[in-house]
Amino acid sequence: TQTWMVQNLNVDTFRDATKIMEAKSPKAWVEAAKTGTPAWCHFYNDSAGNEVIGKLYNWYAVHSEHGLAPQGWHVPSNSEWIVLIDALGGKKVAATSLKNRFGWIPEAEGTNESGFKALPSGSRFPDGTFGPEGIYAAWWSSTQDGNSHAWVRGISNRSGQVTAESYYKASG
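These figures come from a predicted structure and were not determined experimentally.

Draft legend 1. Structural context of the layout of surface pockets. One number sums up the size of the largest pocket: a volume of about 1,000 Å³. For the largest pocket, the lining is made up of 45 residues, of which Asn8, Leu9, Ala138, Trp139 and Trp140 are closest to its centre. At the level of elements, helix 2 (50–53), strand 3 (56–57), helix 4 (78–87), strand 4 (123–124), strand 6 (136–144) and strand 8 (162–168) are the ones that each hand at least two residues to the lining of the largest pocket. Counting residues per element, the lining of the largest pocket draws most heavily on strand 6, at 4 residues.

Listed below in structure tokens is the structure:
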């Protein structure tokens, strides 16, 4: 009953053409969070992987009234993530069918039966540092969890499980 994009978002403007701030330094990333400013970055500030993994966004970009997702699309809610995960056999096994067949360490590659093509894109922490490279992928939901947190779904190379975490909005 759902249609999902098969590539990570890779935009530097909102749906209404408003520019999203690129936070190249840890200081810029932290400052964006302090002010609630929407921001994006490349993983390790290196655009080389941009075409494959897209950009990392803080939650303020996800939640902006300008619209982060392209016309006709939206950032999924936590409830929509649950529907997807349940349709793929539940949180303990769904990651295997979400993971791409390549791009993960060999013992952690998935079947990509879902067509989702999840790759380990890493993340940016609230202090502006990056990690963990090549072992984790996470996606924001549109569902907040208080003033400083929102729900994230994650996949790692350690299991076939999809995790649900309430995480800092200052992350990417």
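Draft legend 2. Unusual backbone geometry, seen in detail. Although it is not a glycine, Ala17 sits at a positive phi angle of roughly 80 degrees. One non-glycine residue, Asn112, lies in the positive phi region at around 55 degrees. Locating Asn112 in the fold gives a position in the loop between helix 5 (94–98) and strand 4. Asn112 sits in the buried class, given a relative accessible area of 9%.

Draft legend 3. Up close: the nonpolar core. Residues Trp81, Leu84, Leu98, Phe116, Trp139, Ile155 and Val162 are the most contacted members of the largest nonpolar core, which totals 15 residues. Within the residue set of this core, elements represented by two or more residues are helix 4, helix 5 and strand 6. Apart from the residues lying within four places of it in its own chain, the contact partners of Val162 are Ile85, Lys91, Ala94, Ala95, Leu98, Arg153, Gly154 and Ile155. Counting 13 residues, the second largest nonpolar core, distinct from the first, contains Leu9, Val62, Ala150 and Val152.

Draft legend 4. Representation of the pairing of strand 6 in the model. As defined by bridge partners, strand 6 adjoins strand 7 (residues 149–156) across 6 bridges and the pair is classed as antiparallel. When the sheet's bridge partners are listed, Ala138 is paired in strand 7 with Gly154. Hairpin connection from strand 6 to strand 7: 4 residues lie between these consecutive antiparallel strands, with Gly146 at a positive phi of about 90 degrees.

Draft legend 5. Just the sheet that holds strand 8, in detail. The antiparallel open sheet is built from 3 strands, whose spatial order is 6-7-8. Two strands lie at the open edges of the sheet, namely strand 6 and strand 8, each paired on one side alone. Going across the sheet, the axis of each strand differs from the next one's by a mean of 30 degrees, ignoring polarity.

Draft legend 6. Inspection of the environment of Asp145 at higher detail. As for its placement among the helices and strands, Asp145 is situated in the loop between strand 6 and strand 7. Along the chain, Asp145 and Tyr167 lie 22 residues apart, while their C-alpha atoms are 8.4 Å from each other. Residues in contact with Asp145, not counting those within four places in the same chain, are Ala150, Trp151 and Ser166. Among the polar contacts listed, one links the side chain of Asp145 to the side chain of Ser166, at a separation of 2.5 Å.

Draft legend 7. Helix 4, seen in detail. Along helix 4, the residues that are buried comprise Asn78, Trp81, Leu84 and Ile85. Taken end-on, helix 4 shows its buried residues confined to a sector of 115 degrees, consistent with a single buried face. Seen from the open side of helix 4, the exposed residues pointing more than 90 degrees away from its buried face are Ser79, Asp86 and Ala87. Buried residues along helix 4 sit against helix 5, strand 6, strand 7 and strand 8. Immediately downstream of helix 4, the backbone of Gly89 shows phi near 100 degrees, a positive value.

Draft legend 8. Broad picture of the sheet that holds strand 3. The strand order across the open sheet formed by 3 strands is 1-2-3, and the pairing between neighbours is mixed. In the strand order of this sheet, the two ends are held by strand 1 (21–22) and strand 3, each with one partner. Packed on one face of the sheet, helix 1 (residues 26–35) meets strand 1, strand 2 (39–41) and strand 3 and runs near 155 degrees to strand 2.

Draft legend 9. The side chain of Lys169, seen in detail. When you line up the elements, Lys169 lands in the segment after strand 8. Put simply, Lys169 is tucked away with no salt bridge, and the nearest opposite charge, on Asp145, sits 9.3 Å away. A polar contact is formed between the side chain of Lys169 and the backbone oxygen of Asn147, at a distance of 3.1 Å. Filtering out sequence-adjacent residues up to four positions away, Lys169 remains in contact with Asn58, Trp59, Tyr60, Trp140, Gln144, Gly146, Asn147, Ser148, His149 and Ala150.

Conventions adopted
- Along every chain, residues carry numbers that run from 1 in the direction the sequence is written.
- Residue-level local features of this predicted model are given only where pLDDT is at least 70; pairs of side-chain atoms are given and counted only at 80 or more, and the full residue set underlies all totals for whole chains, interfaces and linings.
- Hydrogens and water are ignored here; the side-chain numbers use all heavy atoms of the structure.
- Of the two site types, the cavity is a set of points on a 1 Å grid over the protein atoms alone where a 1.4 Å probe fits but cannot get out, and the pocket is an open set with protein on both sides within 12 Å along at least five of seven lines, each lined by residues with an atom within 4 Å of a point.
- Grid points are joined across faces, edges and corners, and a volume is the space filled by probe spheres set on the points.
- Where helices and strands are cited, they refer to DSSP runs of H or I of at least four residues and of E of at least two residues respectively, numbered from the N terminus.
- Burial classification: accessible surface area is computed with a 1.4 Å probe over protein chains only, and a residue below 20% of its type maximum counts as buried, one above 50% as exposed, and the rest as partly exposed.
- Here the nonpolar core consists of buried residues drawn from Ala, Val, Leu, Ile, Met, Phe, Trp, Tyr and Cys, with membership extended through side-chain atoms lying within 4.5 Å.
- In what follows, a contact means two residues having at least one pair of non-hydrogen atoms within 4.5 Å.
- Here the rule is simple: two strands pair whenever DSSP picks up at least two bridges between them.
- Orientation is described by axes fitted as lines to C-alpha atoms, over the contacting stretch for helices, and by angles from 0 to 180 degrees between their N-to-C directions.
- Side-chain atoms alone can form a polar contact between residues adjacent in sequence; in general such a contact is a pair of N or O atoms within 3.5 Å, and within protein one must be able to donate a hydrogen while the other accepts it.
- Directions drawn from the helix axis to the C-beta atoms are what define this arc.
- The charge count includes Lys and Arg as positive and Asp and Glu as negative, but it does not include His or the ends of the chains.
- Each reported salt bridge corresponds to a side-chain nitrogen of Lys or Arg within 4 Å of a carboxyl oxygen of Asp or Glu.

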